[in-house]
Amino acid sequence: MTKQEIVESYSRHVSAGKVKFFQEAGIDFVFGKREGPYVWDIDGAHRLINCHSNGGVFNLGHRHPEIIQAMRDALDSLDIGNHHFVSEQKAILAQMLAEKSPPGMDCVVFGVSGGESIDTAIKIARKATGRRGIVSAQGGYHGHTGLAIAAGDVRYREPFYASLPDFSQVPFNDANALQQALHDNTAAVLFETIPATLGMPIPDEHFYRQVKAACEKNGSLLIMDEVQTGLGRTGMFWGIEHYRTIPDMIVTAKGLGGGLYPMTAVIVQNELARVFDEDPFAHISTIGGADIGCVVAQKVIEISSQPEFLSHVNALAELFSRGVAGLIAKYSPFLLEFRQKGLMSGLKMARPELGPLMTRTSFDAGLLCIYAGNDPSALQFLPPLNIEFSVAEEILERLDTAFREAVKIVKTDS
Ligand SMILES: Cc1ncc(COP(=O)(O)O)c(C=O)c1O
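All of these numbers come straight from a predicted model, not from anything done at the bench.

**Overview of the domain arrangement of the protein**
Alright, step 1. You can read the domains of the protein as domain 1 (3-17 + 25-63 + 307-413) and domain 2 (65-304).
Alright, step 2. Averaged C-alpha coordinates put domain 1 and domain 2 at centres separated by 26 Å.
Alright, step 3. Tallying the contact residues gives 31 residues for domain 1 and 36 residues for domain 2.
Alright, step 4. Each partner contributes to the roughly 2,600 Å² buried at the junction of domain 1 and domain 2, and carbon and sulfur atoms together form 59% of this total.
Alright, step 5. Interface area lost by domain 1 to domain 2 is led by K341, M344 and N374, which between them contribute 29%.
Alright, step 6. Where domain 1 touches domain 2, the interface holds zero salt bridges.

Next up, the structure:
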């Protein structure tokens, strides 16, 4: 198909709305070749450095050769497997995840999507506590499935009549509001460690310790959505480690599948895993934890666990911190702040129109950057974790070009 034919077919059969959106945004791009931090337009004309990584799906870049090799080797002998039976690959992956998690979190429940695993965590919390209430953050996002969507921002649920009773929301990073929201029917508190869709607000140092204390006092559980912040993104394996807080459950997704196989998991405190003892077939996911996917995820964890991996993430984070400080000095008052925990980061700007504008001018400058859905004045900045320093320098130069153009347009318009 020619590029034009692909666009027309996609518009007719998949999503006319998306095609219209990108046309209006001036972003003419069909994903073609992809490799490492780069993606090319289908006609090969335009190359982008991926600075969104699909929220962490491409933490290790596109088509990491070691992960592809592991998957190819696994295809010689494995398939999805049978979710009812004992599986060597599931056992190995679960053990690896447990070893990367706080003591006492040795049990893992697998899924296919992040939303599914958030649903699973909520089910576990409800069964374990015998309560129904779930408190989450206003403006958050936890997935498009039944319980996850009810915990997310109103924008994602109201049009689909997907709001549910017993779900309530509080402003993020407000320990007092949270304490007031807890009641004797609260099963769990659910937060993205750093909410991406809300524009990457970095919580106060003590926030999660206060949250955990409030949960303990109230007999409620703490579920951390580490779908974007996990697997080394923040410079520690789990984002919550920065806050010296041990949650009751950690949900991981996106990057766990290495951008090659859908694989998600809930890592659970041991006593909570007992909810499945009575009827181990009461919670079923046919494809969740597929054997092939487990092999992929094992390789992802192996790569992300190498001692030099996290040091590289932190060194890149420092480089970006210095580079963006220069951009803030240059583009003040338009660029306000670099919200950053490792490579979980966002550029907070002064006006809501700047996010969409920067998405466009970054695209023109050869960068794939996306503004935050629930705070368009913030540009999400999530480059792959394993890029070379020279690529990071190139990203900074291209960001400079993107800002120069965006500011020019804003000044001309006003
Ligand atoms: C923080 C967070 N949680 C959960 C999800 C849902 O994951 P999925 O789209 O795989 O269902 C997302 C997806 O963007 C996310 O960003």
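**Describing the sheet that holds strand β3 (residues 47-50)**
Alright, step 1. As summarised here, the arrangement of the four strands in space is β1-β2-β3-β13, forming an open sheet in which the pairing is mixed. Both outer strands of the open sheet, β1 (31-35) and β13 (367-368), are each paired with one neighbouring strand and no more.
Alright, step 2. Here β1 pairs with strand β2 (residues 38-41) via three bridges, running antiparallel. Directly across from F31, in β2, lies its bridge partner D41.

**So, the pattern of salt bridges**
Alright, step 1. With the rule as written, the count across this model stands at 20 salt bridges.
Alright, step 2. We note a salt bridge from R132 to D166, for which the minimum N-O separation is 3.2 Å. Separated by 34 residues along the polypeptide, R132 in the loop between α5 (114-129) and β5 (133-137) and D166 in the loop between α7 (154-157) and β6 (167-170) bring together distant segments of the chain.
Alright, step 3. Put simply, K330 and D400 hold a salt bridge, and the shortest N to O gap is 2.9 Å. Of the two residues, K330 is situated in helix α11 (residues 307-331) and D400 in helix α13 (residues 389-413); the sequence distance between them amounts to 70 residues.
Alright, step 4. The exposure class assigned to D400 is buried, which follows from its relative accessible area of 18%.
Alright, step 5. In the salt-bridge network here, residues are joined through shared partners; they are K3, D28, D41 and D43.

**Overview of the site of the ligand**
Alright, step 1. Around the ligand, the neighbouring residues are S113, G114, G115, Y141, H142, G143, H144, E192, D225, V227, Q228 and K254.
Alright, step 2. G114 places a main-chain nitrogen or oxygen 2.8 Å from an oxygen atom of the ligand.
Alright, step 3. The separation between an oxygen atom of the ligand and a polar side-chain atom of Q228 is 2.9 Å.
Alright, step 4. Calculation on the ligand without its partners gives an accessible area of 390 Å², and the protein chains cover 84% of this total.
Alright, step 5. The residue makeup of the shell around the ligand, split by class, is two nonpolar, seven polar and three charged.

**Here's the deal with unusual backbone geometry**
Alright, step 1. Cis peptide bonds are those with omega within 30 degrees of zero, and the linkage from S332 to P333 qualifies with 5°.
Alright, step 2. Looking at the element boundaries, P333 is found in the loop between α11 and β11 (335-341).
Alright, step 3. Look at R63: it is not a glycine, yet its phi comes out positive at around 50°.
Alright, step 4. Residue placement: R63 occurs in the loop between β3 and α3 (65-75).
Alright, step 5. The exposure class assigned to R63 is partly exposed, which follows from its relative accessible area of 42%.
Alright, step 6. One non-glycine residue, D166, lies in the positive phi region at around 75°.
Alright, step 7. With relative accessibility at 32%, the residue D166 sits in the partly exposed group.

Cut-offs applied
Residues numbered from 1 in each chain as written. Predicted model: local features only at pLDDT ≥ 70, side-chain atom pairs only at ≥ 80, totals over all residues. Heavy atoms only, no water. Domains from an automatic or database assignment. Contact = heavy atoms within 4.5 Å. Buried area = accessible area lost by both parts, 1.4 Å probe. Salt bridge = Lys/Arg side-chain N within 4 Å of Asp/Glu carboxyl O. Pairing = 2+ DSSP bridges. Helix = DSSP H or I, 4+ residues; strand = E, 2+ residues; numbered from the N terminus. Buried < 20%, exposed > 50% of the residue type's maximum accessible area, 1.4 Å probe, protein only. Near = heavy atom within 4 Å. Polar contact = N/O pair within 3.5 Å; in protein donor to acceptor, adjacent residues only side chain to side chain. Areas by Shrake-Rupley, 256 points an atom, 1.4 Å probe, with all protein chains shown as cover. Nonpolar A, V, L, I, M, F, W, Y, C, P; charged D, E, K, R; others polar.

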